[in-house]
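# Fold and geometry: a report
Listed here are the chains, written in short residue letters.
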Amino acid sequence: MSSVIQTSTDQDALLRAGIDRSLRHPVMFFLTSGAAWLAVSIVLGIIASAKVHSPEFLAGFPCLSYGRVFPAHINALVYGWGFQAAFAVIIWMMARLSRKECTAAGLILTAGHVWNLGVILGLVGILSGNGTGMPWMEFPAFTWPVLLFSYFSILIWSFIQFRVRPEGHVYISQWYLLAAMVWFPWVFITANTLLHCIHGHPVMAAGINAWYKSAVIFLFFTPVALGTAYYLAPKVTGHPVYSYSLAKLGFWSLAVIAPWAGMQKLTGAPIPYFLPYVGAAATVLLFVPAIAASINLLRTTLASPEVVASSPALRFTIAGIGGLILLAFSAVVLNLPESTLPLAQFSLSGYGFEILALYGFFSFVMFGAVYFIVPRVTRREWLSRRLIKIHFLFSVYGIITVALVALFGGLQQGIGQEDWQQPWQGAATRAYPYAVATTIAWCFILFSNVFFFIHLTLMWLRLGRRSSHPTLLISAHGHGPGPHGEEGDIDNAGPGHMPAH
Amino acid sequence: MSLPNQTPDLEDSINVTEAHGRVVREAAACAREKRIVDNGIEPISLWAFVACGVVLLVAGGILGTGGRLFSYGSIFREGYIRTPAPGAADAGPVPKEALAAYMSKGAKIYSAKCNGCHGSDAKGNGSTFPSLVGSTWVTGETDLFAMIILNGLEGPVSDGKTYGVMPPQGIGMAAEDLAGIMTYVRNNFGNATGDVVTIDMAKAALEISAARKNAGKSVTGAELTADHVKALPGDVLDPKTLLDPITLAPAKAP
């Protein structure tokens, strides 16, 4: 009997291993190039941040002036790292959940190269002074059809896999990922058509732009990260998801609320004036889906604290959920029209909110997924626990500093800006110490991500550990294994599993 | 189970072991995975409801402050004015006396345009840049002084010496800038004429400068003494008049 059960789970494991193998190159391509773009984006972010407090820094290079470097930083972060990490996670997770091998790895890989080409051209466009000046859409206009085309070429296969999946239950992660896959083209096509093809009133265009930014965060990055977290939490701990009804509440409230958010950025501008108020109210209400998902995921994982402590995937995911909770509270605190919204409207706070969403929440969950997925697709274990710990600690300290400094420094700066009887210099002076702190914190994040990139590249080159034991942050045996795994574990088979021939 | 050589009497057949060995070799990470179970049936806790309820109230309050949100009769809110910082509520900057108001405007222009040559003490360097302190052309007739600033100067100056050529400074200069800089230099660095060159006078100076015979060329001492030894036309302003320091218009009565 036991051998029958053994064999059926074995076959199941072989099926999953087959799915992983079919996706090895696309997934590793997206993750590695994403990590490289992340490092590039952070370098650009450091330059931009340094220019805020030391305007003479690199002043001789027109292509590195603040007005070009800052959009290049954000766009590399969003389109270079964020989207590519999301692609890797979506194609892998949808294949796993639909239990279908990927048959289009070559096409996905090609489309991935086209996407990267689009990002490179877009960044060259920004740095050479041909950016459009629309936040998060600074890439020259010709790139957006390129990005859209490669987006569809990459993700259409996941739709097909979902369509032909074995009959049965649709898991929570699939809700979120499918929704994100549909919502993003809607948002992207709407914004780009309205801003590049139809020339409406320029003030309204700024409003659409603000909506686009908010929608990319809450209708793409947020559902992708939540879908991933809903996959990792029960998968790694082995516990069922805490509450199915809470999951439903979280998903549908996000779907209903998120499309309304964003236009509060234009408070006081001559656009129909219900728009900023509805935007502010919707952004505040995003607290509901964020908290519903956070409670659900934390209750699922924290039931087994020892797993959270030892699993890199889970530790990063929990940190990301922490970022989501912080994001939910700052969404409420920063959007009160009579008090904080005017302070946050044109100051560092907006940047802090975006970085918190992109890095503190989304990227951390993506890192968690990377630490889970990569050993499976490469069939090698992570090389070094210490590298993972460096990545985690420097990232956490860095992002806490960047986000908190930008949120609160932004409020300080906003008070300076509001005092219109004082010269504008006063606002800059108030923001100065916060700008210095931001530069230093970005340096920490850069340090952590350079190690992450190196670690990931070594894994893609299949230089990972050949072992059947995962690389955990805390050794289960009280003493850590050597750099090559457990004693006698150099070959593929684990101890006690040597074939008897 | 359709493994070909499976023998029923051998529980742990060698093939099962082999198949399992393959799993261990090729799919160790997949084999140790746990299965996902999603149907937790815990109820939503009360405090989560309360927290969400509070946020709903906040959001409702925000919509409430928007007034008649969906009234399409008014496209945007009438008279939207950013509220000033607390403590600075009574609108309008503090009025200043005319002389001080003009001089603080002039100080900025001086440091941008004049400081480089004439120096922060306006004493020049004695060889290429003449001193402005005590110069009769500076403290004398306003028309003459204005022409030098606007058009630059070639040849000997009021003390008879020839310094370097002064380039024209009038390009893009607004009347209020000219008025500010003239008032500033005539009442600073030891000069003290005590009068204000008003914006009206500066406007007149710009017109006179544009109507010169050699418009576009630097003025010379000969041209200045021939044509420009006169005061600029315009009403004299009492230097004690209270002005709005930004617009330089007379301040409203308190």
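Position labels on residues start from 1 in each chain and follow its written sequence. Chain A is the first chain written and ligand 1 is the first ligand written, with later ones labelled in order. With pLDDT at 70 or above as the cut-off, local features in this predicted model cover only qualifying residues; side-chain atom pairs require 80 or more to be listed or tallied, and sums for whole chains, interfaces and linings still use all residues. Only hydrogens and water are set aside; all other atoms, that is, all heavy atoms of the structure, feed into the side-chain values.

### Quick word on the packing of aromatic side chains
For clarity, the threshold we go by: Centre distance within 6.5 Å is the pairing criterion for rings of Phe, Tyr and Trp, where only the six-membered ring of Trp is used; planes under 30 degrees apart are then read as stacked, over 60 as edge-to-face, and the remainder as tilted. Secondary structure elements follow DSSP: runs of H or I of four or more residues count as helices, runs of E of two or more count as strands, with numbering from the N terminus. Residue burial is assigned from relative accessible area. The probe radius is 1.4 Å, only protein chains are included, and a residue is buried under 20% of its type maximum, exposed over 50%, and partly exposed in between. Only Lys NZ and Arg CZ are tested; either one counts as a charge over a ring when it is within 6 Å of the ring centre and within 35 degrees of the ring normal.
Under the criterion given, the structure shown has 52 aromatic pairs over all chains. Where B:Tyr110 meets B:Phe189, the ring centres are 5.1 Å apart and the plane angle is 45°; that geometry is what we call tilted. You can see B:Tyr110 sitting in helix 4 (residues 98-118) and its partner B:Phe189 sitting in the loop between helix 7 (175-186) and helix 8 (199-210), a full 79 residues away along the chain. We note that B:Tyr110, like B:Phe189, is buried. Positioned above the aromatic ring of A:Phe162, the side-chain terminus of A:Arg165 is 4.1 Å from the ring centre. For the cation-ring pair, A:Arg376 lies above A:Phe372, with the distance from its terminal atom to the ring centre recorded as 3.8 Å.

### A look at the nonpolar core
When a protein is soluble and globular, its nonpolar side chains tend to lie buried together. Put simply, the test is: Put simply, buried Ala, Val, Leu, Ile, Met, Phe, Trp, Tyr and Cys residues joined by side-chain atoms within 4.5 Å make one nonpolar core. In what follows, residue pairs with any heavy atoms lying within 4.5 Å of each other are defined as contacts.
Membership of the largest hydrophobic core comes to 180 residues, with the highest contact counts inside it found for A:Tyr79, A:Phe83, A:Tyr212 and A:Phe220. With 21 residues, helix 3 (residues 66-98) of chain A is the largest single contributor of residues to this core. Once residues within four sequence positions are removed from consideration, A:Phe220 is found in contact with A:Phe83, A:Ala86, A:Ile90, A:Tyr151, A:Ala180, A:Phe184 and A:Ala215. Within the second largest apolar cluster, 41 residues are counted, among which are B:Leu150, B:Ala179, B:Tyr184 and B:Leu248.

### Some thoughts on the packing of helix 3 of chain A against helix 7 (residues 202-237) of chain A
All names here are of chain A. We apply this condition: Where helices are involved, their axes are fitted lines through C-alpha atoms of the stretch in contact, as for all axes, and angles between N-to-C directions lie from 0 to 180°. Every angle not falling under 35 degrees, over 145, or within 65 to 115 is termed oblique; those three ranges are roughly parallel, roughly antiparallel and roughly perpendicular. Handedness of a helix crossing follows the sense of rotation of the near helix relative to the far helix, less than a right angle counterclockwise being left-handed and clockwise being right-handed. Amino acid classes used here: Ala, Val, Leu, Ile, Met, Phe, Trp, Tyr, Cys and Pro are nonpolar; Asp, Glu, Lys and Arg are charged; the rest, including Gly, are polar.
The contact between helix 3 and helix 7 brings their axes to 11 Å, and the two run at 40°. Viewed along their axes, helix 3 and helix 7 adopt a mutual orientation that is oblique. Crossing geometry of helix 3 relative to helix 7 is assigned as left-handed. Residues Val78, Tyr79, Gly82, Phe83, Ala86, Val89, Ile90, Trp92, Met93, Arg96 and Leu97 of helix 3 form the contact with helix 7, whose own contacting residues are Tyr212, Val216, Phe220, Phe221, Val224, Gly227, Thr228, Tyr231 and Lys235. Its residues assigned to classes, the contact of helix 3 with helix 7 shows 15 nonpolar, 3 polar and 2 charged.

### What to know about unusual backbone geometry
Backbone geometry places A:Leu58, a non-glycine residue, at a positive phi of 55°. Checked against the element boundaries, A:Leu58 lands in the loop between helix 2 (24-53) and helix 3. Taking the relative accessible area as the measure of exposure, A:Leu58 reaches 28% and is therefore partly exposed. A positive phi angle, near 65°, is found at B:Ala122, a position not held by glycine. Summarising the element assignment, B:Ala122 is placed in the loop between helix 4 and helix 5 (136-139). Residue B:Ala122 is classed as buried on the basis of its relative accessible area of 0%.

### What about the layout of surface pockets?
Residues and elements named next belong to chain A. So the rule is basically this: Using a grid of 1 Å spacing that covers the protein atoms alone, one calls a set of points a cavity when a 1.4 Å probe fits there but cannot get out, and a pocket when the set is open and has protein on both sides within 12 Å along at least five of seven lines; lining residues are those with an atom within 4 Å of a point. Grid points are joined across faces, edges and corners, and a volume is the space filled by probe spheres set on the points.
Roughly 960 Å³ of volume is contained in the largest pocket. Along its surface, the largest pocket is lined by 42 residues, and Tyr66, Phe70, Phe346, Ser347 and Tyr351 are the ones closest to its centre. Looking at the lining of the largest pocket, the elements with two or more residues in it are helix 2, helix 3, helix 7, helix 14 (348-378), helix 15 (385-418) and helix 16 (425-460). Top contributing element to the lining of the largest pocket by residue count: helix 16, with 7 residues.

### Some words on the pattern of salt bridges
Operational definition: The working definition used for a salt bridge is a side-chain nitrogen of Lys or Arg within 4 Å of a carboxyl oxygen of Asp or Glu.
Counted under the stated rule, the structure contains 11 salt bridges over all chains. A salt bridge links B:Glu33 to A:Arg16; the shortest N-O distance between them is 2.7 Å. Residue B:Glu33 is found in the loop between helix 2 (28-31) and helix 3 (46-65), and its partner A:Arg16 is found in helix 1 (residues 2-22); the two belong to separate chains. Assessed through its relative accessible area of 10%, B:Glu33 is described here as buried. Residue classification places A:Arg16 among the buried residues on the basis of a relative accessible area of 9%. The residue A:Asp20 makes a salt bridge to A:Arg96 at a minimum N-O spacing of 2.9 Å. Of this pair, A:Asp20 sits in helix 1 while A:Arg96 sits in helix 3; the two residues are 76 residues apart in sequence, bridging distant segments of the chain. Residue classification places A:Arg96 among the buried positions, given a relative accessible area of 4%. Salt bridges sharing partners connect three or more residues here, namely A:Asp12, A:Arg16, A:Asp20, A:Arg96, A:Arg99, A:Lys235, A:Arg376 and B:Glu33.

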